[in-house]
Amino acid sequence: SGTLAGIEQTTKEQIAAAASNVHVPKVEMSSKPISPWYNVKQAGGLTPLEMGLNFGLVGASCVAAQGTVHWTRTAMVQQQLAGMRGEVPLGMMAQTSAIFRSEGMRGLYRGFSAAALREATYSSLRFGLYEPLKVMMDTSDGKEVLPVWKKVTAGLVAGAGAAAIASPSDLIMIQMAASKQFPPPSMYQVASQVIAKDGIAGLYKGIGTTVTRAAVLGATKMATYDVVKTELRNNGWAEGPGLVFAASVVTGLAITITTSPATNMQTIIMSGNAAGGGSGMLSAAQDILRRQGPVGFFRGFGMQWARFGPYAVVQFAVWESLRKACGIGAI
C-alpha cells in the first residue's frame, strides 16, 4: 500500500508540473460598454444618430438662409414673368425698388411662409440625405477619397427625391410671389384655390421641371462645395469661416449657371401665367425660346446669383456652426 501511495503522489506531482507548463491565454473583460448601432461611426465619419440630427440642423440653416434672401426670389419671379408677358423686364435693382415702393418689405417677402415650409422639408431632405448616400456608395469603408462622380450622384439622387416630395410648396411659393394682389394671399388661400380648380393633382403641376431642376441643383451644389472645399484644404486653407465663404461663393455661381434654364421653365409653369402656365417642360422651353430667344433661359440671372451666392454663404456657415456646436465634424 505504501508503494501505491508513492506512485499516486508521484503521478499527482507530474500532472501538476505538466499543468503549470500549459499556457492559458488570459481573457480580459472590457469595462467599456458595446455601443448601440446608432452610435457606430460609418464610413463618412458620422454615426446614424448624428446623421439623423443633421436633418434638423440643415433644415434650420436653410430656413435662416432663405430669410436673408427671399426678397430676391420675389423680384426674380416678377422679372421672369415680365419677359413672358411681352413687357420689358426691369433690372435687378429697379425691380426690387418697384416692389418696395408699391408694397413695402411685406411685398418683397410675399410667399415666405411657403418658402420656409419648402426649406424645412425639401432642403432638409436634400442635404440630410447627401451624407448617408455617400456612405452607401463608399466601397472603401472610408479609407479612400470618394470619387467626384459618386459625390455628384449622391447629390443628384438626394435632390430629385426631396423635390418630388416637396413640390407643392414650390408651386405655392411661386404663385404667391407671382400674385399682384395686395396684401399678398396666404399659403392657405393659394393652396385652396389650386385644389378647388385642379384637385390635389394641381399641387404637383410642373413636378417634372421641379425634379429636373432639383437634381441639377443637388448634383451641382453639394458636389461643388465638397470638391472645392477639399481642394482648398489640400492647398493649405485651414478649416474656418474663410474656407466656408470661399467654397460657398464658388458654389453659388456654379448652381446659378446650371439651374437658370430650369428655374425659368419652373416659374412660368407653376405661376399659372397664360403665356406658359399649365404647359409641360418641353412646351415651356419652346415658349421661352420663341418669345425671348436663348437669353430667356437666363432671365433674372443677376437676381438668381444675388440669391444663390448669399444663400450658400449663410446656409453653409450656419450649418457648419450648428454641426460644430453639436459635436459633429465639418462637411
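Note that the structure is predicted; figures quoted are calculated from it, not measured. Think of each chain on its own: its residues are numbered from 1, step by step along the sequence as written. With pLDDT at 70 or above as the cut-off, local features in this predicted model cover only qualifying residues; side-chain atom pairs require 80 or more to be listed or tallied, and sums for whole chains, interfaces and linings still use all residues. For the side-chain quantities, the full set of heavy atoms in the structure was used; hydrogens and water were omitted.

### Quick notes on the overall build of the protein chain
Right, on to step 1. Helix numbers and strand numbers start at the N terminus; a helix is a DSSP run of H or I with at least 4 residues, a strand a run of E with at least 2. Scanning the protein chain for helices and strands turns up 11 helices and zero strands.
Right, on to step 2. Counting from the amino terminus, helix and strand elements in the protein chain follow one another as α-α-α-α-α-α-α-α-α-α-α.
Right, on to step 3. At a minimum sequence separation of 6, the contacts of the protein chain that also span at least 24 residues come to 76%.
Right, on to step 4. Accessibility throughout is a Shrake-Rupley quantity obtained with a 1.4 Å probe, and a residue counts as covered only by protein chains that appear here. Counting only carbon and sulfur atoms, one obtains 66% of the accessible surface of the protein chain, whose full area is about 16100 Å². Contact criterion: two residues are considered in contact whenever any of their non-hydrogen atoms come within 4.5 Å of each other.

### Some thoughts on the packing of helix H5 (residues 130-137) against helix H6 (residues 148-178)
Right, on to step 1. Where H5 contacts H6, the two axes come as close as 9 Å, and the packing angle between them is 135°. Classified by the interaxial angle, the pair formed by H5 and H6 is oblique. Read as a crossing pair, H5 and H6 show a hand that is right-handed. Along the contact surface, H5 presents Tyr130, Leu133, Lys134 and Met137, while H6 presents Trp149, Lys150, Lys151, Thr153, Ala154, Gly155, Val157 and Ala158. Here an axis means a line fitted to C-alpha atoms, over the contact stretch when the element is a helix, while the angle between two N-to-C directions is reported on a 0 to 180 degree scale. Put simply, angles under 35 degrees are roughly parallel, angles over 145 are roughly antiparallel, angles from 65 to 115 are roughly perpendicular, and the rest are oblique. By definition, any crossing whose near helix is turned counterclockwise from its far helix by less than a right angle is left-handed, and any crossing with a clockwise turn is right-handed.

### Looking at the packing of helix H4 (residues 112-128) against helix H8 (residues 207-234)
Right, on to step 1. As a packed pair, H4 and H8 sit with axes 11 Å apart at the nearest point and diverge in direction by 55°. By the criterion of interaxial angle, the relationship of H4 to H8 is oblique. H8 is crossed by H4, and the crossing has right-handed handedness. For the pair H4 and H8, contact is made by Arg118, Tyr122, Arg126 and Phe127 and by Arg213, Ala214, Leu217, Gly218, Lys221 and Met222, respectively.
Right, on to step 2. In this count, Pro and Cys sit with the nonpolar residues alongside Ala, Val, Leu, Ile, Met, Phe, Trp and Tyr, while Asp, Glu, Lys and Arg are called charged and the others, Gly among them, polar. Among the residues making up the contact of H4 with H8, the classes are represented as five nonpolar, one polar and four charged.

### Thoughts on helix H9 (residues 241-270)
It helps to recall that an α-helix has 3.6 residues per turn; residues three or four apart then point in one direction.
Right, on to step 1. Here H9 spans only 37 Å end to end across 30 residues, well under the 44 Å set by a 1.5 Å rise per residue.
Right, on to step 2. The largest bend along H9 reaches roughly 55° and is located at Thr259, with the proline Pro261 sitting one to four residues downstream.
Right, on to step 3. Relative accessible area decides the class of each residue, using a 1.4 Å probe on protein chains only: under 20% of the type maximum gives buried, over 50% gives exposed, and in between gives partly exposed. Taking burial as the measure, the 30 residues of H9 include 21 buried ones, the bulk of the element. Every helix has an expected span of 1.5 Å times one less than the residues it contains. The bend at a residue is defined as the angle formed between two axes, one fitted to the seven residues ending at that residue and one fitted to the seven starting there.

### As for H5
Right, on to step 1. Of all the eight residues making up H5, six are buried; the element is thus mostly covered by neighbouring parts of the structure.
Right, on to step 2. Taken together, the buried positions of H5 are Tyr130, Glu131, Pro132, Leu133, Lys134 and Val135.

### Thoughts on the packing of aromatic side chains
Right, on to step 1. Two rings from Phe, Tyr or Trp (for Trp, the six-membered ring) form a pair when their centres sit within 6.5 Å of each other. Planes less than 30 degrees apart are called stacked, planes more than 60 degrees apart edge-to-face, and all others tilted. One pass over the full model with this rule turns up four aromatic pairs.
Right, on to step 2. For the ring pair Phe298 and Phe301, a centre distance of 6.4 Å and an interplane angle of 55° mean the geometry is tilted.
Right, on to step 3. Under the relative-accessibility criterion, Phe298 is labelled partly exposed at 37%.
Right, on to step 4. Among the residues examined, Phe301 registers a relative accessible area of 27% and is labelled partly exposed.
Right, on to step 5. A centroid spacing of 6.1 Å and a plane angle of 20° characterise the contact between Phe316 and Trp319, whose relative ring orientation is stacked. On the criterion of helical spacing, the pair formed by Phe316 and Trp319 is a turn pair, its members being three residues apart in helix H11 (residues 301-325). Residue Phe316 shares its accessibility class with Trp319, and that shared class is buried.
Right, on to step 6. A network of ring pairs unites the aromatic residues Tyr225, Phe316 and Trp319 as a single cluster.

### With respect to a nonpolar patch on the surface
Right, on to step 1. Residues forming no salt bridge and having over 30% relative accessible area are the ones grouped into patches, like charges within 9 Å of each other and nonpolar side chains (Val, Leu, Ile, Met, Phe, Trp, Tyr) within 5 Å. Salt bridges are identified by distance alone: a Lys or Arg side-chain nitrogen within 4 Å of an Asp or Glu carboxyl oxygen. A grouping of Ile195, Ile200, Tyr204 and Ile207 is seen on the molecular surface, where their side chains present a nonpolar patch of about 330 Å² in accessible area.
Right, on to step 2. Secondary-structure assignment places Ile207 in helix H8.

### Details of the nonpolar core
Right, on to step 1. Here, nonpolar core means buried Ala, Val, Leu, Ile, Met, Phe, Trp, Tyr and Cys residues that are tied together by side-chain atoms lying within 4.5 Å of each other. Of all hydrophobic cores here, the largest spans 23 residues; its most connected members are Phe127, Met222, Phe316 and Trp319.
Right, on to step 2. When contributions to this core are tallied by element, the ones reaching two or more residues are helix H2 (48-84), H5, H6, H8, H9 and H11.
Right, on to step 3. Examining the composition of this core, we find that five residues originate from one element, H2, more than from any other.
Right, on to step 4. Grouped together as the second largest cluster of nonpolar side chains are 16 residues, Leu108, Ala178, Met265 and Phe297 included.

### Quick notes on the pattern of salt bridges
Right, on to step 1. Evaluated as defined, the whole model comprises six salt bridges.
Right, on to step 2. A salt bridge links Arg290 to Asp287; the nearest nitrogen and oxygen atoms lie 2.7 Å apart. Placement of the pair is Arg290 and Asp287 together in helix H10 (residues 281-292), with a separation of three residues, close to one helical turn.
Right, on to step 3. Overall, Asp287 belongs to the buried group, its relative accessible area being 5%.
Right, on to step 4. Two residues, Arg291 and Asp287, come together in a salt bridge whose shortest N-O distance is 2.8 Å. Of this pair, Arg291 and Asp287 are both found in helix H10, four residues apart, which corresponds to roughly one turn of the helix.
Right, on to step 5. Salt bridges linked by common partners bring Arg118, Glu119 and Asp170 together as one network.

### Describing the side chain of Gln304
Right, on to step 1. Note on placement: Gln304 falls in helix H11.
Right, on to step 2. On the accessibility criterion, Gln304 (1% relative accessible area) is buried.
Right, on to step 3. Not counting the four nearest positions on each side in its chain, Gln304 is found in contact with Met76, Gln80, Thr256, Thr259, Ser260, Thr263, Asn264 and Arg299.

So far we have only geometry, and geometry alone does not tell us how the molecule works.
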